[in-house]
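Letter by letter, the chains look like this.
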Amino acid sequence: MFAGTCEIHVKFIGKSGHAAYPHQANDMVVAGAQFVNQIQTIVSRNVDPIQSGVVTLGHFSAGTTGNVISGVCQIDGTIRALTQENNLLIQKRVRTIAEGIAHSFDCELEIDLHQGGYYPVENDDNTTEAFINYMKNEDDVIGNEITGGGSSSSGPLKSLLEVCPICGKEFSCNKTYHVYTALAGRRRQYYCSYHCFK
């Protein structure tokens, strides 16, 4: 949910031809297949293992029938990364690989890397530290100190509040149905449902 995304749109343009005369064509199925194969090395060989990145190629379209060499290949996908630095690194590698494939197959390339959606959420260290200090030191913040992770039944949220302060209902370890809200006077707390605090 915090990753930045970038759309990948790549088209390799060669020359169609009959399967009986491959030397007169420029097969873009092979070019596209090479692109898909080489893209798999970006995250495994260019991204720091401690960081995160995902390249997905979800659409591959080329050719119309089995005995005609395709002169066009369209490939579409997405990039996801937790930092803008990694997103740009992956974009650069996608472009470099696509250009290299086009050069090696002597074909034309149309490429669009479109980061028009979500940018990664990158918390500022100073702001994060100020927020943590506020939550620890302000008297009007209700809740217990968050402890380190563990199993899914004893994760960080488990230690906040065990019982709803309004209706007295005990929280289960699955808090997906609980609501976290800010009330007047800067009081922050978990409640069972909208009806407990409206």
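Quick note: structure is the one above.
Here we take up the overall build of the chain. Check the secondary structure of the chain and you find four helices and eight strands. Counting helices and strands in the order they occur from the N terminus, the chain gives β-β-α-α-β-β-β-α-β-α-β-β. When each of the 198 residues of the chain is scored for burial, the buried share is 29%. Partitioning the intrachain contacts of the chain with sequence separation of at least 6 by distance along the chain shows that 64% fall at a separation of at least 24. On the chain, roughly 12600 Å² of surface is accessible, and the fraction owed to carbon and sulfur atoms is 52%.

Let us look at the side chain of Gln91. In this structure, Gln91 sits in helix H3 (residues 84-104). Among the polar contacts made by the side chain of Gln91, one reaches the side chain of Gln115 at a distance of 3.0 Å. The residues contacting Gln91, other than those within four sequence positions of it, are Cys6, Ile79, Leu113 and Gln115.

Residue placement: Ser44 occurs in helix H2 (residues 41-46). Residues Ser44 and Val54, spaced ten residues apart in sequence, show a C-alpha to C-alpha distance of 9.7 Å. There is a polar contact of 3.5 Å between the side chain of Ser44 and the backbone oxygen of Gln40. Within polar-contact distance, the side chain of Ser44 engages the backbone oxygen of Thr41 at 3.4 Å.

Here is what the cut-offs are and how they apply
Residues numbered from 1 in each chain as written. Predicted model: local features only at pLDDT ≥ 70, side-chain atom pairs only at ≥ 80, totals over all residues. Heavy atoms only, no water. Helix = DSSP H or I, 4+ residues; strand = E, 2+ residues; numbered from the N terminus. Buried < 20%, exposed > 50% of the residue type's maximum accessible area, 1.4 Å probe, protein only. Contact = heavy atoms within 4.5 Å. Areas by Shrake-Rupley, 256 points an atom, 1.4 Å probe, with all protein chains shown as cover. Polar contact = N/O pair within 3.5 Å; in protein donor to acceptor, adjacent residues only side chain to side chain.

Keep in mind these numbers describe shape, not what the thing actually does.
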